[in-house]
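Chain and residue survey
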Amino acid sequence: SGAGKKRRITILGSTGSIGSNTLDVVTQLGGREAFEVAALTGSGNIALLAEQAKVSGAELAVTADEGRYHDLKSALAGTGIEIAAGRSGLIEAAEREAAWVMAAIVGTAGLAPTLTAARRGADIALANKECLVSAGDLFVSAVHAGGGRLIPVDSEHSAIFQSLEDDQRHAVERIVLTASGGPFRTWTRERMAGVTAEIARAHPNWSMGLKISIGSASMFNKALEMIEAQHLFDVRPDQIEVVVHPQSIIHSMVGYRDGSVIAQLGCPDMRTAIGYALTYPDRPKLNVDRLDFAKLARLDFEAPDEERFPALRLARAAMQRGGLQGAIMNAAEETAFHAFIAGRIGFLDMADIAEAVMDRLVSVPAAAGMDDVFAADEAARAEAGDVIAAKEKAA
Ligand code: NAD
Ligand code: MG
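In this numbering scheme, every chain counts its residues from 1 along its sequence in written order. Both sets of labels track the order of writing: A upward for chains, 1 upward for ligands. At least 70 in pLDDT is required for a residue's local features to be given in this predicted model, at least 80 for side-chain atom pairs to be given and counted, and no such filter applies to totals for whole chains, interfaces and linings, which use all residues.

**Regarding the site of ligand 1**
Taken together, 27 residues are adjacent to ligand 1, and G16, A64, A127, M208 and G209 come closest. Strands are runs of DSSP state E lasting at least 2 residues, helices are runs of H or I lasting at least 4, and numbering of each runs from the N terminus. Of all the secondary-structure elements, those providing two or more residues to the shell around ligand 1 are α1 (17–28) and α10 (210–218). A total of three residues in the shell around ligand 1 trace back to one element, the largest contributor, which is α1. Classes in brief: Ala, Val, Leu, Ile, Met, Phe, Trp, Tyr, Cys and Pro nonpolar; Asp, Glu, Lys and Arg charged; the others, Gly included, polar. Of the residues in the shell around ligand 1, the class split is 13 nonpolar, 11 polar and three charged. Domain boundaries shown here were taken from an automatic or database domain assignment. Two domains share the shell around ligand 1, each providing at least three of its residues, namely domain 1 (7–152) and domain 2 (157–267 + 292–394). Using a C-beta atom placed from the backbone, a residue is described as near a molecule or strand when that atom lies within 6 Å of it.

**Brief notes about the UniProt feature "binding site: Mn(2+)" (unreviewed entry) in the protein**
UniProt positions are given in the numbering used here, feature names are shortened, and annotations may be inferred rather than shown by experiment. What UniProt calls "binding site: Mn(2+)" (unreviewed entry) maps, in this numbering, to D154, E156 and E225. A maximum C-alpha distance of 8.4 Å places the annotated residues, which cover 72 residues in sequence, within one compact spot. Residue placement: D154 occurs in the loop between β7 (150–152) and α7 (155–163). Given 27 C-beta atoms within a 10 Å radius, D154 is considered buried. Exposure criterion: with C-beta atoms placed from backbone coordinates, a residue whose C-beta has 20 or more other C-beta atoms within 10 Å is buried, one with 12 or fewer is exposed, and one in between is partly exposed.

**A short note on the UniProt feature "domain: DXP reductoisomerase C-terminal" (unreviewed entry) in the protein**
Sites flagged by UniProt as "domain: DXP reductoisomerase C-terminal" (unreviewed entry) map to residues 265–382. Helix makes up 57% of residues 265–382 and strand 1%, whereas the separation of the span's terminal C-alpha atoms amounts to 41 Å.

**What to know about the packing of helix α14 (residues 311–321) against helix α16 (residues 349–360)**
To get an axis, fit a line to the C-alpha atoms, keeping to the stretch in contact for a helix; angles then go from 0 to 180 degrees between the N-to-C directions. The contact between α14 and α16 brings their axes to 10 Å, and the two run at 20°. When the axis of α14 is compared with that of α16, the two are roughly parallel. At the point where α14 passes α16, the crossing takes the left-handed sense. Contact residues: α14 offers A311, L314, A317 and A318, while α16 offers A351, A354, E355 and M358. Classifying every residue of the contact of α14 with α16 gives seven nonpolar, no polar and one charged. Any angle that falls under 35 degrees is termed roughly parallel, while one over 145 is termed roughly antiparallel, one within 65 to 115 roughly perpendicular, and all others oblique. Should the near helix be turned counterclockwise from the far one by less than a right angle, the crossing is left-handed, whereas a clockwise turn marks it as right-handed. Here, residue contact means that the backbone-derived C-beta atoms of the two residues sit within 7 Å.

**Observations concerning the sheet that holds strand β8 (residues 172–179)**
On the basis of which strands lie adjacent, the open sheet formed by four strands has the order β9-β8-β10-β11 and mixed pairing. Two strands close off the open sheet at either side, each with one partner strand: β9 (240–244) and β11 (261–265). Going from strand to strand, the sheet's axes swing by 20° on average, the running direction of each strand aside. The criterion for strand pairing is that DSSP finds at least two bridges linking the strands in question. Pairing of β8 with strand β10 (residues 250–256) involves four bridges; the strand directions are antiparallel. Residue pairing in the sheet places V172 in a bridge with Y256 of β10.

**Here's the deal with the pairing of β11**
The pairing of β10 with β11 spans five bridges and is antiparallel. Looking at the pairing, M253 lines up with A263 of β11. From the end of β10 to the start of β11, which pair antiparallel, there are four residues, and G259 there has a positive phi angle of about 95°.

**Quick look at the pairing of strand β2 (residues 35–42)**
Every other side chain in a regular strand lies on the same face of the sheet, so the side chains alternate between the two faces. Most of β2 is tucked away, with seven of its eight residues classed as buried. Where strand β1 (residues 7–12) and β2 come together, five bridges link them in parallel fashion. Of the residues in β2, the one forming a bridge with T10 is A39. Note on handedness: a crossover is taken as right-handed if, strands pointing away from the viewer, the path from the first strand over the helix to the second is clockwise. For the handedness criterion, the β-α-β arrangement of β1, α1 and β2 is classed as right-handed. Pairing analysis gives four bridges linking β2 to strand β3 (residues 60–63), with the strands arranged parallel. Looking across to β3, one finds that A39 is bridged to L60. Running through helix α2 (residues 46–56), the crossover from β2 to the neighbouring parallel element β3 is right-handed.

**As for the sheet that holds β7**
Within the open sheet, the seven strands sit side by side as β4-β3-β2-β1-β5-β6-β7. Their pairing is parallel. The open sheet is flanked by β4 (82–85) and β7, the only strands paired with a single partner. Strand-to-strand, the axes of this sheet are offset by a mean angle of 20°, without reference to chain direction. In terms of strand pairing, β3 meets β4 through four bridges, oriented parallel. Residue pairing for β4: T63 is matched across the bridge by A85. Across the sheet, helix α4 (residues 86–95) touches β1, β2, β3, β4 and β5 (100–103), and the angle it forms with β3 is around 150°. Against the sheet, helix α5 (residues 111–119) engages β1, β5 and β6 (123–126), with an angle of about 150° to β6.

Here you go:
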């Protein structure tokens, strides 16, 4: 509101798909006239990170990759932009004063820096869903304790957030998460067994980072989103439904006890959810495509198939079991994902590995604090590594 007062923001994971879209929204909403960028972070893509830092006038640019410190230093020589690297660099970025932080690092790597920003009271725009899947209520509590807001960026959760009437939370019956079904929606398991990462990453509607694209094909992304919804909206697992909606126009819905269902619709473009998170509760004017209903003509729905996409069943198990099963599922899947893109295991092995690790670590007690979350994450990665090695040996 205050004329002339610029908003200070930070983007963790600025070089990624969400990060780049966030910078596009920032540009659309006035760029350096309206925003001061405290920090940007990336990892291997030094040229892009340096370019983003120069264009946005960032104070600090951080590469997560320690080995690229000198590359970043030479790319930004003479600009006056501060640089840092590695885990400590990410924490430094998160600590910088900025009232709004986009959490757009992929995977559990984003948890520590996002927590740091949350604890100092920043509003957290959360794309990095793995934070919630791993740390659950501990993460939500950290944001609340810091005094900032937790604003979802995941399109489904943004849709639910927009469809929730604040004073009618008690009247919510169910949350309906829509899923595109991914590129293998109609495929048999036999056919999926042989796919490469190159084939699996081609999403029909959304253009996204590699991990979430593969996760859309296996529906593991939806599994993460079920757990994300449980913690964000404080609902019971049995209140969370998934429906396959191949056009990705309805981004998700909230069903109320009077039979009403409130949905949020839009073209599949993350900038709408990002813009909403940036200016909430205001809606910014954005240059994104508008829906043309006559052109759309129809919206389709079908029940998800948990036989072909076991990830959904694993998410239910993780929610029912509670404790650290979300952290364990997430870490095992992330490890399996890296093995899949390296060509070490098959597409269907990813869910098998996650399930095996969840079962092996089923007796891990609930977390008393964040250290337990990090320990469970590490234990699950180690177990997943063993299961992957055993599979490779058997193949
Ligand atoms: P991406 O792979 O395009 O970008 C990831 C970002 O994280 C990059 O800036 C990268 O440099 C950084 N990064 C990677 N490894 C890192 C590490 N070890 N330490 C620190 N930084 C690291 O991913 P994305 O598609 O933009 O997704 C980011 C997050 O947003 C994910 O949690 C994803 O699930 C979520 N999300 C993405 C979309 C989308 O449309 N892309 C939609 C909803 C939610
Ligand atoms: Mg999503």
